[in-house]
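The residues making up each chain are set out below.
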Amino acid sequence: GENVEQHPSTLSVQEGDSAVIKCTYSDSASNYFPWYKQELGKGPQLIIDIRSNVGEKKDQRIAVTLNKTAKHFSLHITETQPEDSAVYFCAASKFGNEKLTFGTGTRLTIIP
Amino acid sequence: GAVVSQHPSWVICKSGTSVKIECRSLDFQATTMFWYRQFPKQSLMLMATSNEGSKATYEQGVEKDKFLINHASLTLSTLTVTSAHPEDSSFYICSATLGGYHNQPQHFGDGTRLSIL
């Protein structure tokens, strides 16, 4: 089955700086790669996703890049703000409506 | 849009009782719902996939008689933890998607924290 690895497990950045979280996956049949933000005591919230026919996608301060050949994808957050502090999970699946395999999570802390 | 509501958000009960958790898609019809379990500071582990009108598909190692899943309508799925014991204490989260050919993403509820005494 699919295996998703995520690094780093914790990340602290100064407010205003950029944060990058990286994931690798094992199943070349995976085509859908979402990123979720989870705040304490809440469920994961979809912040951005990318499908395999696209190499990069951007939504304001958040961007995701995908390298299908190398089987890795990354989340980039620019101009970080205190409210960006949360746990971020990457995931992979064949299609969006099929079961997701999650990475182990990254606890992001923005230092004011 | 794409709001998923989970109820209750928190429940404490005695060992041996059964607990039902509801997952509702409020503004869309969810042909597929998923149930996850999350331990503190860990990732989400898929327990089962639930399609409306059919039996749930359980992941390896998940006891189907322990975790009963019903998806009787396009907006509601329930997870019943039967004869709960302290080791069943966890954070249970559902997600819902339109499914089918629409290839829509999964949207998550806010979870249910279950504590078994």
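Scroll up to find the structure.
Now for a look at the structure at hand.

The rules behind these values
Residues numbered from 1 in each chain as written. Chains lettered and ligands numbered in written order. Predicted model: local features only at pLDDT ≥ 70, side-chain atom pairs only at ≥ 80, totals over all residues. Heavy atoms only, no water. Buried < 20%, exposed > 50% of the residue type's maximum accessible area, 1.4 Å probe, protein only. Helix = DSSP H or I, 4+ residues; strand = E, 2+ residues; numbered from the N terminus. Pairing = 2+ DSSP bridges. Salt bridge = Lys/Arg side-chain N within 4 Å of Asp/Glu carboxyl O.

1. Here's the deal with the pairing of strand β5 (residues 44-51) of chain B
Residue and element names in this part refer to chain B. Among the eight residues that make up β5, six are buried, leaving the element largely enclosed by the rest of the structure. As defined by bridge partners, strand β4 (residues 32-38) adjoins β5 across seven bridges and the pair is classed as antiparallel. Pairing of Thr-32 across the sheet is with Asn-51, part of β5. Where β5 lies against strand β6 (residues 57-58), two bridges are found, and the strand directions are antiparallel. Within β6, the residue paired with Thr-49 across the bridge is Thr-57. Hairpin connection between β5 and β6: a loop of five residues separates the two successive antiparallel strands, and Gly-53 in this loop has a positive phi of roughly 85°.

2. With respect to the pattern of salt bridges
Following the criterion strictly, the structure yields eight salt bridges over all chains and no others. The shortest N-O distance in the salt bridge between A:Lys37 and A:Glu39 comes to 3.7 Å. Accessibility expressed as a relative area gives 14% for A:Lys37, which makes it buried. Notably, a salt bridge pairs B:Arg24 with B:Glu22, separated by 3.4 Å at the nearest N-O pair. Under the relative-accessibility criterion, B:Arg24 is labelled partly exposed at 35%.

In short, geometric facts, not functional conclusions.
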